[in-house]
Amino acid sequence: MTQRVDVQYIRFYTDGSAARRTAHTASAISSSTGILPRLRKQRVQVIHLDPVALLSIAVAAVMLITMLVGLVRLQKIQKQTAQMEAYVEQLSQEHETLKQAYTDACDIEAVEKTALALGMIPAEDAKQIEVYLPAVQEEPEAVSLWNRIGTFLFGLFA
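Residues numbered from 1 in each chain as written. Predicted model: local features only at pLDDT ≥ 70, side-chain atom pairs only at ≥ 80, totals over all residues. Heavy atoms only, no water.

Student: Can you help me understand the overall build of the protein chain in this one?
Tutor: Across its full length, the protein chain carries four helices and zero strands. Ordering the α and β elements of the protein chain from the N terminus gives α-α-α-α. Expressed as a percentage of the 158 residues in the protein chain, the buried residues total 0%. In the structure as shown, the protein chain presents an accessible area of about 17100 Å², 62% of it carried by carbon and sulfur atoms. (Helix = DSSP H or I, 4+ residues; strand = E, 2+ residues; numbered from the N terminus. Buried < 20%, exposed > 50% of the residue type's maximum accessible area, 1.4 Å probe, protein only. Areas by Shrake-Rupley, 256 points an atom, 1.4 Å probe, with all protein chains shown as cover.)

Structure representation (structure tokens):
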């Protein structure tokens, strides 16, 4: 008689077979293969970003930067304005001192004598004549349609 060939590649229990696994065979299988620890899946942290929120944050940052630049420019202009006001005040004081020096140096009696010698008369002695002119009414020019359209478009795009 010939020996029976042991089939080595069928070792696993499948449901539906007629033979049920016994506790002895289950422990033999687990002890022979060894119990391996379960691999746990590592949780990946996913951060969901809303594109509208990111865009609004970017717009707010740009607006903040432009506002800060505007404030810096405003302060610079205010400094220039204060300097110009001080300069105008200095010039007006200088003008007053020069005007006072001019009026002190001017001899009014000498000017009056010179004017009388040249033949001028005082303002009170002069005759005053009022002249009335009739108002001239301008007649409107006849403007062509193309000139009116051109003027309208020029005013529109100017």
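Student: In this structure, what is going on with a nonpolar patch on the surface? I would like to understand it.
Tutor: Together, Leu 145, Trp 146, Ile 149, Phe 152, Leu 153, Leu 156 and Phe 157 make up an exposed nonpolar region whose accessible area comes to about 840 Å². Position of Leu 153 relative to the elements: it lies in helix 4 (residues 145-157). (Patch = residues over 30% accessible without salt bridge, like charges linked within 9 Å, V, L, I, M, F, W, Y side chains within 5 Å. Salt bridge = Lys/Arg side-chain N within 4 Å of Asp/Glu carboxyl O.)

Student: It is not clear to me how helix 4 should be interpreted in this structure. Could you clarify?
Tutor: Given 3.6 residues per helical turn, the α-helix brings residues three or four places apart onto the same face. Counted at 1.5 Å a residue, the expected span for helix 4 with its 13 residues is 18 Å, and the 18 Å between its end C-alpha atoms agrees. Taken across its 13 residues, helix 4 has zero buried, putting it largely on the surface. (Expected span 1.5 Å × (residues − 1).)

Geometric descriptors of this kind do not, in isolation, establish any biological role.
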